Amino acid sequence: MIVVLVVASGAAWESPALTLLGGHRDIVVLKRCVDVDDLLASASAGQADVAVLGLDTPGLDVAAVDHLRRYDVRPVAVVPAEAWEGGRVRASRIGIATLVPDDGLDTLPDAVLGADEPAPPMLPEPADAGAPPGPGGRVLAVWGPAGAPGRTTVAAGLAAELARRRRRTILVDADPYGGSVAQQLGILDEVSGLLSAARLATSGLLAERLASVQRAVGPHLSVVTGLPRADRWVEVRAGTVEALLEVARERGDVVIDTGFSLEDEPGQDYGTRPGRNQLTRGALEAADEVLVVGTADPVGLSRLARALVEVREHTGGAAVRVVVNRMRPSLGWSEKDIAGMVGGFTRLSGLHFLPDDRSAVDRALVTGRTLVESGDSPLLRAVSSLADAIVV
Ligand SMILES: Nc1ncnc2c1ncn2[C@@H]1O[C@H](COP(=O)(O)OP(=O)(O)O)[C@@H](O)[C@H]1O
Ligand SMILES: [Mg+2]
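Just so we're clear, the structure is a prediction, and the values are computed from it rather than from any experiment.

Participant: I would appreciate a short explanation of the nonpolar core in the present structure.
Facilitator: Soluble globular proteins tend to pack their nonpolar side chains together in the buried interior. Core analysis: the largest hydrophobic core is formed by 48 residues, its most contacted members being L206, I256, V292 and V324. Counting residues in each nonpolar core, the second largest holds 35 residues, with L158, A182, V255 and V383 among its members.

Now the structure itself:
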């Protein structure tokens, strides 16, 4: 049972939040506090596990959040959806990692149950033998050959664009050679979503605690961050990515950023030992669509051609789209020329071109924002038409 304190200082979300929390069988609301002082005093009593608080409650600062943590009370902040971006920045400054938008309160109980919990102990076998799949979303795997063609840029941009269309979207960083989604999006959090997911999958708790492996980065977008260091792929047990995709797709669309290599590692046994490239292969096998990203220069295009032959062996009949990234006039190729070059290698569901747009990419990178949040640009418009093709 999770014991909760609430301080809403009269905000409109208080009453629906109390109804939702009060109606959950694993949650009990201990007290509605009148202000932050009341909250801190109640936390000191040592009975509460979680504090649900309005991010703009007067007096809520780093010291207050520290006080909560000293008494093992995890903060969960409710943030006005229309001031989400500012709220996210402020929350991370005062040390609150779990946020819920005030127009998405239905996720509050999950956030309360999952709020940055330490990893559970390892248990033997998964307990939940397959809940019936809901209507759910689609799994879009973003893959591409070696040479940094822009997989992460495309995955993050596409996920942000789907979320802008109010589709619930989860961006998963599954690159076994080290994650970069967290850095790209300015998520400072040290906890790796993928490693937490790996531990939860082993103990069969992933479906129940999916909320705890995600970080919200917008009202409709959340991220499962990747490996903090490349060598930590060994902690990702076989079957993790498959389990993660299975539960995540029930919640919405899933965009998964992958590695480049599909090679089979020699000497791998499929019991519980992880295989490094199994993360990428698992993502491609589970995908409804695979987006193969290549760059528009000569080296990139020849790698792309080989990649298109290779990808067929690893998809379970998924649609394959090609995204030719970093198109620029100085290369002297038209889209038609490139269509002729890549079209022969495999049957494609679509061929898309994204412009080389250093200024849009840099603007997003230096502010730790998504392409969508950093304003109009040629690249964003091209990502948007890619999304048009995918969601029809
Ligand atoms: N369309 C683009 N225009 C300009 N720079 C880009 C574009 N796409 C990617 N980049 C840059 O190329 C580099 C590699 O991109 P990244 O998405 O990290 O590749 P990958 O995930 O395939 O390794 C990054 O510096 C990124 O900012
Ligand atoms: Mg990458």
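Participant: Sorry, what's going on with empty space enclosed by the protein here?
Facilitator: Remark: the empty space left among the atoms is shown by a probe the size of a water molecule rolled over them. As enumerated under the stated definition, the model contains four cavities of 30 Å³ or more in all. Surrounding the largest cavity, T153, A156, G157, Q184, L185, V361, A364, L365, R369, T370 and L371 form its lining. Put simply, the parts of the chain that give the lining of the largest cavity at least two residues each are helix 6 (151-164) and helix 13 (358-367). Along its surface, the second largest cavity is lined by 13 residues, and V236, R237, G275, Q278 and L279 are the ones closest to its centre. Every element with two or more residues in the lining of the second largest cavity is listed here: helix 9 (240-251) and helix 10 (278-286). At three residues, helix 9 tops the list of elements feeding residues into the lining of the second largest cavity. Residue classes in the lining of the second largest cavity are distributed as six nonpolar, four polar and three charged.

Participant: Even after reading the chapter, I still don't get the sheet that holds strand 4 (residues 74-79), so can you show me in this structure?
Facilitator: Sheet architecture is open: five strands sit in the order 2-1-3-4-5, paired in parallel fashion. Looking at which strands have only one partner, the edges of the open sheet turn out to be strand 2 (27-32) and strand 5 (98-101). Averaged over all adjacent pairs, the angle separating strand axes in this sheet is 25°, with direction ignored. Taken together, the five bridges between strand 3 (residues 50-54) and strand 4 define a ladder with parallel strand orientation. Looking at strand 4, one finds that G54 is bridged to V78. Along the sheet, helix 1 (residues 14-22) contacts strand 1 (2-7), strand 2 and strand 3; its crossing angle with strand 2, the most-contacted strand, is approximately 140°. Where helix 2 (residues 36-44) meets the sheet, it contacts strand 1, strand 2 and strand 3, and its direction lies at approximately 160° from that of strand 1.

Participant: Sorry if this is basic, but what is going on with the domain arrangement of the protein here?
Facilitator: By convention, interface size is frequently given as the accessible area that disappears when the constituent parts associate. With domains assigned, the protein is organised as domain 1 (2-114) and domain 2 (139-391). Of the residues lining the interface, 12 residues belong to domain 1; the matching set on domain 2 comes to 14 residues. A buried area of about 970 Å², summed over both sides, lies between domain 1 and domain 2, and 51% of it is on carbon and sulfur atoms. Three residues, W84, E85 and R88, lead the burial of domain 1 against domain 2; their summed loss comes to 44% of the area buried on that side. Counting every contact that joins domain 1 to domain 2 gives zero salt bridges. Elements with a minimum of two residues in the side of domain 1 that touches domain 2: helix 4 (84-94), strand 5 and helix 5 (108-114). With four residues, helix 4 is the single largest residue contributor to the side of domain 1 that touches domain 2. Taken together, the residues that form the side of domain 1 that touches domain 2 break down as six nonpolar, three polar and three charged.

Participant: In this structure, what is going on with the environment of G54? I would like to understand it.
Facilitator: Relative to the assigned elements, G54 resides in strand 3. The sequence separation of G54 and W13 amounts to 41 residues, and the corresponding C-alpha distance is 8.9 Å. Among residues more than four places away in sequence, those in contact with G54 are V7, W13, L60 and V78.

Participant: Which parts of the structure should I look at to understand the site of ligand 1?
Facilitator: Around ligand 1 lies a shell of 16 residues, among which R151, T152, T153, N325 and V361 are the nearest. Within the side chain of T153, one N or O atom sits 2.5 Å away from an oxygen atom of ligand 1. Separating a nitrogen atom of ligand 1 from a side-chain N or O atom of N325 is a distance of 2.9 Å. Across the complex, the protein chains shield 84% of the 560 Å² of accessible surface that ligand 1 would expose by itself. Where the shell around ligand 1 is concerned, the elements lending two or more residues are helix 6, strand 12 (319-327) and helix 13.

Cut-offs and rules
Residues numbered from 1 in each chain as written. Chains lettered and ligands numbered in written order. Predicted model: local features only at pLDDT ≥ 70, side-chain atom pairs only at ≥ 80, totals over all residues. Heavy atoms only, no water. Core = buried A, V, L, I, M, F, W, Y, C linked by side-chain atoms within 4.5 Å. Buried < 20%, exposed > 50% of the residue type's maximum accessible area, 1.4 Å probe, protein only. 1 Å grid on protein atoms, 1.4 Å probe; cavity = no way out; pocket = protein on both sides within 12 Å on 5 of 7 lines; lining within 4 Å. Points joined across faces, edges and corners; volume = space filled by probe spheres on them. Helix = DSSP H or I, 4+ residues; strand = E, 2+ residues; numbered from the N terminus. Nonpolar A, V, L, I, M, F, W, Y, C, P; charged D, E, K, R; others polar. Pairing = 2+ DSSP bridges. Axes fitted to C-alpha atoms, helices over the stretch in contact; angles between N-to-C directions. Contact = heavy atoms within 4.5 Å. Domains from an automatic or database assignment. Buried area = accessible area lost by both parts, 1.4 Å probe. Salt bridge = Lys/Arg side-chain N within 4 Å of Asp/Glu carboxyl O. Near = heavy atom within 4 Å. Polar contact = N/O pair within 3.5 Å; in protein donor to acceptor, adjacent residues only side chain to side chain. Areas by Shrake-Rupley, 256 points an atom, 1.4 Å probe, with all protein chains shown as cover.

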